[in-house]
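# Geometric and topological summary
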Amino acid sequence: MRTRKIAASAASMALAMTGLVGVSSATAADSSATALKCSNRQYFTGSGGHAGASLTCTGGAFTAKATCIKAGEPNYVHFGNRTTSGGTSTVWCDVGSAVKEPLGYVSS
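Criteria and thresholds
Residues numbered from 1 in each chain as written. Predicted model: local features only at pLDDT ≥ 70, side-chain atom pairs only at ≥ 80, totals over all residues. Heavy atoms only, no water. Helix = DSSP H or I, 4+ residues; strand = E, 2+ residues; numbered from the N terminus. Areas by Shrake-Rupley, 256 points an atom, 1.4 Å probe, with all protein chains shown as cover. Disulfide = S-S within 2.5 Å. Buried < 20%, exposed > 50% of the residue type's maximum accessible area, 1.4 Å probe, protein only.

### Section: the overall build of the protein
A count of helical and extended segments in the protein gives 1 helix and 6 strands. Listed by position from the N terminus, the elements making up the protein come as α-β-β-β-β-β-β. Working note: accessible area of the protein is about 7,100 Å², and carbon and sulfur atoms make up 60% of it.

Now the structure itself:
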């Protein structure tokens, strides 16, 4: 009797886990279908030598993400302002740094 209960519990857990895997796979597929469409990447130098970049995207809210490079130092990441679909996010690196291309984004 006890063996049947253990087997039934194991089968229930296996089915539940299979269902969870199916849900997470569907969610991942759905999120990729609504990817942002970005254009108008611009790179520039601001006052005082700050390297900057901007990006315009449609399809949802986002934040520009730049990898900054400075000679003799490890690369680091800076984020721009969060904006809605159709907006422009601008990100700045430290003085004496450069923005590594291509400029990326984080959707939210």
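### Considering the state of the cysteines
Note: disulfide means a covalent bond formed between the sulfur atoms of two cysteine side chains. Using the criterion set out here, one finds 2 disulfides in the structure. In this model Cys38 forms its disulfide with Cys57; the gap between the sulfur atoms is 2.0 Å. Measuring handedness by torsion sign, the sulfur bridge of Cys38 and Cys57 sits at about 105 degrees and is right-handed. Here Cys57 lies in strand S2 (residues 50-58) and Cys38 lies in strand S1 (residues 37-45), a separation of 19 residues in the sequence. Residue class for Cys38 comes out partly exposed when judged on its relative accessible area of 24%. Here Cys57 falls in the buried class, since its relative accessible area comes to 0%. Covalently, Cys68 is tied to Cys93 through a disulfide, its sulfur atoms 1.9 Å apart. The disulfide joining Cys68 to Cys93 has a torsion of about -75 degrees about its S-S bond and is therefore left-handed. Of the two residues, Cys68 sits in strand S3 (residues 62-69) while Cys93 sits in strand S5 (residues 88-95), which places them 25 residues apart along the sequence. A single burial state applies to Cys68 and to Cys93, both of which are buried.

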